[in-house]
Every structure is written in C-alpha cells, then in structure tokens.
Amino acid sequence: MTNTVPTNDTTPSQPEGGQPPADKQRKTHRNDRIIALLRALSRADKIKRNDLIEQRNAARDLTRAYSEENSLHEAVSSNESLITVPDEEPDTSPQAEQARSFLSSLSPKSAKTWFKNVFGKRYREFGDSSKDECIIQRSKKHAAKRRAEISVTPGAVLPPGFNRHHHILFASNVYMPLHLFTNKNLRILNREGATLATTKISTSTAKGKENSVKILDLTKFETLHGSEESLSQAQWSEAVRNYIRFFDSLDQESLSQCWEDHFGFFEEQEDLVENFNAILILDIKMRKDYVAQPFSFSMQYYALELEKMIRDTQVQRLEDLLKGGKSGAPSSFVSSTKRQRLPSSTPAGQSFQPGTHGDPSTAVCVI
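## Points about the overall build of the protein chain
Line of reasoning, step 1. Scanning the protein chain for helices and strands turns up 13 helices and two strands.
Line of reasoning, step 2. Here the protein chain holds 367 residues, and 22% of them are scored as buried.
Line of reasoning, step 3. In the protein chain, the share of contacts with a sequence separation of at least 24, taken over all contacts with a separation of at least 6, comes to 59%.

Listed below in structure tokens is the structure:
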C-alpha cells in the first residue's frame, strides 16, 4: 500500500495552449523605435501630425456619438495620443551641447556667482539711458513711500529728524553714542550723511550667516564733532530727549519706556549738577552694557551703582589734585618745600629771630 502526502502547491491556471498571457501593447507609440522616430521630428512636423491626429479623433468622436444615439454596436477605435511639442525648437548645435554640459557641471553656489557676473555685465552694457530710467523708477518708489507731512504753526521749532545712519547702527546692534543725538549733530548727519565716512562690519543673522554692513565711522565722526564723554549737562539733556524720541519713532513702547526709566532716574537726582560727571560716566557704561546684554530697570541697582560711581569719581578727583590736577597745586610743591631749622644758639621755645627794632615784616617764621 502506497502512502500519499497531500500538498498545498497549486499550479496557476494558464490559457488554452499552455502559453502565458502576453503583455498588453500600447495602442499608440507602440515601441521605442516609434517613440524615437517621433522625437526626432522637427517641431513643425510634430504640430502637423498633431493636427491630423486631432482630426481623426474628432471623426471617431462623431462616429461614437452617432452609434450611441442610434443604439448601434459599431466598433470604434480609441482616440490617438498627441505628440509632445516643445515650447521652442531644441538647439542641437555643438555650441548648445557645450553650454548645456557647462551649466550641468556648475554647483548651486558657482552657478549663482556666474549668473550674477554675466547678467550684471549685461546690465552695465545697456547704456546710460537704461540707468537713468532705473534711477527715475527708484525715485518714483521713494516718493511714494515718503513720510507724511506734519502741520506747523508760526513760531514753532521743528525737531531735527533722524538719519539712516541711526537706523543702521540700531539694526546692526551697534552702540549708539549719545553725541549722535544732539541737535547740532543731528543736523550734520541729515545734511552731510551721504558724504560722511563709513566703515564695514560683519554681523550675524538669526541663522548664523555672516553679512557685511556699512555703518557710520564713529571714530572719525567723534574726531570732527566731539565725543559723548565731553557733553555738558545741557547737551546731555538735549541728546536724551532726542534719544527717547528716536525709539518712540520705532513704535517700540517697551524700548521707549526702558530708556525713559533709565534717563529719568538720573534727571531726578537732587545733586544732578554737582554729580553730573559721575552720572555721565555711569550712563555711558550702562548703555554699553545694555547693548551686550539687555537688562530691566531696577531702582535699587541704579542707586547702588550711582553711589559707587560718585565715590569713585571723588577718589579720582582727589588723586588728580595730589598729582597736580587742574584745580589743585602740584604735589611736588609740598614735598619740595624745605623745612628750616632753628639756629643752635636760639633759645628753646623761641619762634622768631631777634629783631633789630626795624620793620616787623623782616621777621622770619621758622617751621
């Protein structure tokens, strides 16, 4: 007796004749040879063939619609596919092939540089007329975006406006010295801003990218128009008002309030005139610190820092006096004074030399 083992293997059904089904052929563009021949046609020939295909397809649509309307079962072939027609005739010259090969070899960065150089050069070759037209268009845009006019009354004094140099310094997170905000220097910046010396710095964007920015050369401006360390109390007060007005113009209430609190603390000091030197030094120090790391206003912190600064300036003034400062006698004057001793014959306790019964002014005081 023979044992049989059941199996789950099944043989797929095949069509009659035992041959597998052939792949379904496309009705149009049947093989690669036909596709290659169609692709080799000129653009004009492709358009002509598409016109013929559209005519045949229209005839098929009519036949199909007539057959359906009259319940006929007439076989109608499917519509033909149109041939893809490029927008422009492809250039197959050796020069074009070389250009395509060159462009494909460029990296994104080198391609950007190449296009900038090429199109920048072509722009310069357009001539003065094109440049003039471009400048006119820029002027029109600038006129459309100009600031609104304000109303004035007789006798009113218009405050000087702010120059682009102020905005560039602030946007670049560069410390803005207070002497840039006196009325005199504001007018200088507005009149001569386009011709003032500038310097280039590098700034980092939020994504860490380095950018170059041209800002006002503060060192040269200070050499010509004074520094903030040399401001008088009146100039300082004038610059403070303009400084706060600048931040008011930026519509940043928090920044405006920050500087109002800062300068308000110093202006409310009872001994502002007497301690102005210490106040000016501390004001400059705090504004520089704020650029590096912003901090909120604290009355206790400001009071403590001002007390320390006043004490430091008093000590410095005393040292200057001892070293021969402006308002004190040179310290060498005291040390160079020779002490005179009493003669050995003078009795102890006698302060003056014996007189000659003459003019009392001849008496000599011995220290």
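## Section: the pattern of salt bridges
Line of reasoning, step 1. Counting across every chain of the model gives seven salt bridges.
Line of reasoning, step 2. Two residues, Glu 228 and Arg 287, come together in a salt bridge whose shortest N-O distance is 3.0 Å. Taken together, the residues span a long stretch of sequence, with Glu 228 in the loop between helix H8 (218–225) and helix H9 (233–249) and Arg 287 in helix H11 (residues 276–292) at a distance of 59 residues. Comparing Glu 228 with Arg 287 shows no difference in burial state: the two are buried.
Line of reasoning, step 3. The residue Glu 305 makes a salt bridge to Lys 308 at a minimum N-O spacing of 3.6 Å. A residue pair is termed a helical-turn pair when its members lie 3 or 4 positions apart in one helix, as Glu 305 and Lys 308 do in helix H12 (residues 299–322) at three residues.
Line of reasoning, step 4. Of the residues examined, Glu 305 reaches a relative accessible area of 14% and is grouped as buried.
Line of reasoning, step 5. The exposure class assigned to Lys 308 is partly exposed, which follows from its relative accessible area of 35%.
Line of reasoning, step 6. Here the salt bridges do not stand alone but share partners, grouping Arg 56, Arg 60 and Glu 80 into one network.

## Quick word on a nonpolar patch on the surface
Line of reasoning, step 1. Taken together, the side chains of Phe 102, Leu 103, Trp 114 and Phe 115 make up a nonpolar region of the molecular surface, amounting to roughly 350 Å² of accessible area.
Line of reasoning, step 2. Taken together, the elements giving at least two residues each to the nonpolar patch come down to helix H3 (94–105) and helix H4 (108–124).
Line of reasoning, step 3. Within the secondary structure layout, Phe 102 lies in helix H3.

Basis of the calculations
- Residues numbered from 1 in each chain as written.
- Predicted model: local features only at pLDDT ≥ 70, side-chain atom pairs only at ≥ 80, totals over all residues.
- Heavy atoms only, no water.
- Helix = DSSP H or I, 4+ residues; strand = E, 2+ residues; numbered from the N terminus.
- Buried < 20%, exposed > 50% of the residue type's maximum accessible area, 1.4 Å probe, protein only.
- Contact = heavy atoms within 4.5 Å.
- Salt bridge = Lys/Arg side-chain N within 4 Å of Asp/Glu carboxyl O.
- Patch = residues over 30% accessible without salt bridge, like charges linked within 9 Å, V, L, I, M, F, W, Y side chains within 5 Å.
- Areas by Shrake-Rupley, 256 points an atom, 1.4 Å probe, with all protein chains shown as cover.

The quantities given are spatial measurements derived from coordinates; they are silent on function.
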